[in-house]
Amino acid sequence: MNDILAGFKRVELCHQPTALEQMPRLTKLLGGPRLWIKRDDCTGLATGGNKTRKLEFLMADALDAGADMVVTQGAVQSNHVRQTAAAACKLGLDCYALLERRVPDKNEAYEQTGNVLFDHMFNTQIEFRPPGLDMNAEALAVTENLRASGRAPYFIPGGGSNPIGALGYVGAAQELLGQCRALGLAPKLVVLSTGSAGTHAGMVAGFHALGCDIPIMGISVRQPEHIQIENVYNLAVNTAAQLTDAPLSRDRVMVDDGYVGKGYGIPTKQMVAATKMLAQNEGILLDPVYSGKGMAGLIGQIESGQITDEGDVIFLHTGGAVSLFAYEDQFLSAHVAE
Ligand SMILES: *Cc1c(COP(=O)(O)O)cnc(C)c1O
């Protein structure tokens, strides 16, 4: 198969291909379709995760632009900021990050442990922001101030989700199809958690450009279904436009917002149950904000019969287990916020 990304600038940051593994014990426990997991939690950079694939393209663009630093933003426990900061260190750039206090009712430790500890390890310059601001606009304003002061900053949007970053998941789509072909596997569905939309959009654009019609179900971790579909579709169209002239149909983007709970980063019973189930049956660590809710969605859809019993289903594990340390109370006690 030709590499559809051959013409794009890229720096190597990622251990790839990531493994595609079976989950036999979880499959048996749920009694549904045969379950597989694509281990993008193991991309290798600073404990790994999905942002590393995007950063291969974003950082190449930053270097090409002559940047001496990158500026980005995320929630306090952002996995994206942690991976961006690590990539910056690896490439000899500085990293400036704005962290939004997006999740309510968190204690002091929340701003020091998990991803934040690692941000400090990578010497990230951090500024906190109150919730509810347009964080990309905030980060762009900081970028322009830095430029005015003589630096050469490169702006990376939240989650690395733009048509350049999403190319990382076009690459993942291509890699996954190659693995399926080698195994003689014809999955009926891919399930992933969807937030800033770059992962979902890149996968949709990649399958589209490769002529693959396997459906992709995004479990929303923040936005209502109609907004998330709009966000993913727009980014998928702009990503695919770099690869093919074929029009992308909106019905390729599927989102289930039934597992968000009270909001972004706020634990749910299903997330805690799913995270414990994966740990205790497969020895795999999910995270409370993204992959735990994504897995809750996969389990919920199997239990409700929305995903039928036959065939093979692949869960894309996007990483994030570092933030478990910021949610210790959820896993050490019986108390769980609804
Ligand atoms: C960012 C992130 C996601 C969501 O990916 P998007 O491209 O932002 O939609 C999922 N899982 C983890 C662990 C993440 O850090």
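Residues numbered from 1 in each chain as written. Predicted model: local features only at pLDDT ≥ 70, side-chain atom pairs only at ≥ 80, totals over all residues. Heavy atoms only, no water.

## A few points about the overall build of the chain
Part 1 of the argument: Scanning the chain for helices and strands turns up eleven helices and ten strands.
Part 2 of the argument: Over its C-alpha trace the chain gives a radius of gyration of 19 Å, about what one expects of a compact globule, namely 20 Å for 338 residues.
Part 3 of the argument: By principal-axis analysis of the C-alpha atoms, the chain measures approximately 60 × 50 × 35 Å.
Part 4 of the argument: Partitioning the intrachain contacts of the chain with sequence separation of at least 6 by distance along the chain shows that 81% fall at a separation of at least 24.
Part 5 of the argument: For the chain, the exposed area adds up to about 13,500 Å²; of that, 51% sits on carbon and sulfur atoms.
Part 6 of the argument: Separation of charge centres in the chain, based on 27 positive and 36 negative side chains, amounts to 3 Å. (Helix = DSSP H or I, 4+ residues; strand = E, 2+ residues; numbered from the N terminus. Rg over C-alpha atoms; globule rule 2.2 N^0.38 Å. Contact = heavy atoms within 4.5 Å. Areas by Shrake-Rupley, 256 points an atom, 1.4 Å probe, with all protein chains shown as cover. Lys, Arg positive; Asp, Glu negative; His and termini not counted. Charge placed at Lys NZ, Arg CZ, Asp CG, Glu CD.)

## Comments concerning the side chain of glutamine 77
Part 1 of the argument: Positionally, glutamine 77 belongs in the loop between strand E3 (69–75) and helix H3 (79–91).
Part 2 of the argument: Engagement of the side chain of glutamine 77 in a polar contact is seen with the backbone oxygen of tyrosine 110, the distance being 2.8 Å.
Part 3 of the argument: A distance of 2.9 Å separates a polar side-chain atom of glutamine 77 from the backbone nitrogen of asparagine 115.
Part 4 of the argument: The residues contacting glutamine 77, other than those within four sequence positions of it, are Tyr110, Thr113, Gly114, Asn115, Val116, Ser323 and Ala326. (Polar contact = N/O pair within 3.5 Å; in protein donor to acceptor, adjacent residues only side chain to side chain.)

## Comments concerning the sheet that holds E3
Part 1 of the argument: Taken in spatial order, the four strands line up as E5-E4-E3-E6 in an open sheet, and their pairing is parallel. Strand pairing shows two members of the sheet lacking a second neighbour, strand E5 (125–129) and strand E6 (153–155), which therefore form its edges. This sheet shows a mean twist of 25 degrees between the axes of neighbouring strands, independent of strand direction.
Part 2 of the argument: Two strands pair when backbone bridges link them, and E3 and strand E4 (residues 94–100) are joined in this way by seven bridges, in the parallel orientation. (Pairing = 2+ DSSP bridges. Axes fitted to C-alpha atoms, helices over the stretch in contact; angles between N-to-C directions.)

## What about the site of the ligand?
Part 1 of the argument: The environment of the ligand is made up of 17 residues, and the closest members are Lys51, Lys54, Ser196, Thr199 and Thr318.
Part 2 of the argument: Contact between the ligand and glycine 198: an oxygen atom at 3.3 Å from a main-chain N or O atom of the residue.
Part 3 of the argument: Threonine 318 is positioned with one of its side-chain polar atoms (N or O) 2.6 Å from a nitrogen atom of the ligand.
Part 4 of the argument: Alone, the ligand offers 380 Å² of accessible surface; in the complex the protein occludes 98% of this. (Near = heavy atom within 4 Å.)

## Points about the domain arrangement of the chain
Part 1 of the argument: Here the chain is described as being made up of domain 1 (20–49 + 163–332) and domain 2 (51–160).
Part 2 of the argument: The gap between the C-alpha centroids of domain 1 and domain 2 is 24 Å.
Part 3 of the argument: Contact residues are listed per partner, giving 30 residues for domain 1 and 30 residues for domain 2.
Part 4 of the argument: Here domain 1 and domain 2 share an interface that buries about 2,400 Å² over both sides, 61% of which is from carbon and sulfur atoms.
Part 5 of the argument: Among the residues of domain 1 in contact with domain 2, Leu45, Ile164 and Tyr264 are the three that bury the most area, contributing 23% of the side total.
Part 6 of the argument: Taken together, domain 1 and domain 2 are joined by two salt bridges.
Part 7 of the argument: Put simply, glutamate 175 and arginine 53 hold a salt bridge, and the shortest N to O gap is 2.9 Å.
Part 8 of the argument: Scanning the region where domain 1 abuts domain 2 turns up seven residue pairs in polar contact (both at pLDDT 80 or more).
Part 9 of the argument: Listed by contribution, the elements that provide at least two residues to the side of domain 1 that touches domain 2 are helix H6 (167–183) and helix H7 (198–209).
Part 10 of the argument: With five residues, H6 is the single largest residue contributor to the side of domain 1 that touches domain 2.
Part 11 of the argument: When grouped by side-chain class, the residues that make up the side of domain 1 that touches domain 2 number 14 nonpolar, twelve polar and four charged. (Domains from an automatic or database assignment. Buried area = accessible area lost by both parts, 1.4 Å probe. Salt bridge = Lys/Arg side-chain N within 4 Å of Asp/Glu carboxyl O. Nonpolar A, V, L, I, M, F, W, Y, C, P; charged D, E, K, R; others polar.)

## Section: the nonpolar core
Part 1 of the argument: Grouped together as the largest cluster of nonpolar side chains are 29 residues, with contacts concentrated most on Leu176, Val190, Met203, Phe207 and Ile314.
Part 2 of the argument: When residues of this core are traced back to their parent elements, those giving at least two are H6, strand E7 (189–194), H7, helix H8 (225–240), strand E9 (253–256) and strand E10 (312–317).
Part 3 of the argument: In terms of residue count, H6 provides more of this core than any other element does, six residues in total.
Part 4 of the argument: Each residue touching valine 190, except ones within four places of it in the same chain, is listed here: Leu176, Met203, Phe207, Ile214, Pro215, Ile216, Met217 and Ile314.
Part 5 of the argument: Counting residues in hydrophobic clusters, the runner-up holds 22 residues, among them Leu30, Tyr259, Ala274 and Met295. (Core = buried A, V, L, I, M, F, W, Y, C linked by side-chain atoms within 4.5 Å. Buried < 20%, exposed > 50% of the residue type's maximum accessible area, 1.4 Å probe, protein only.)

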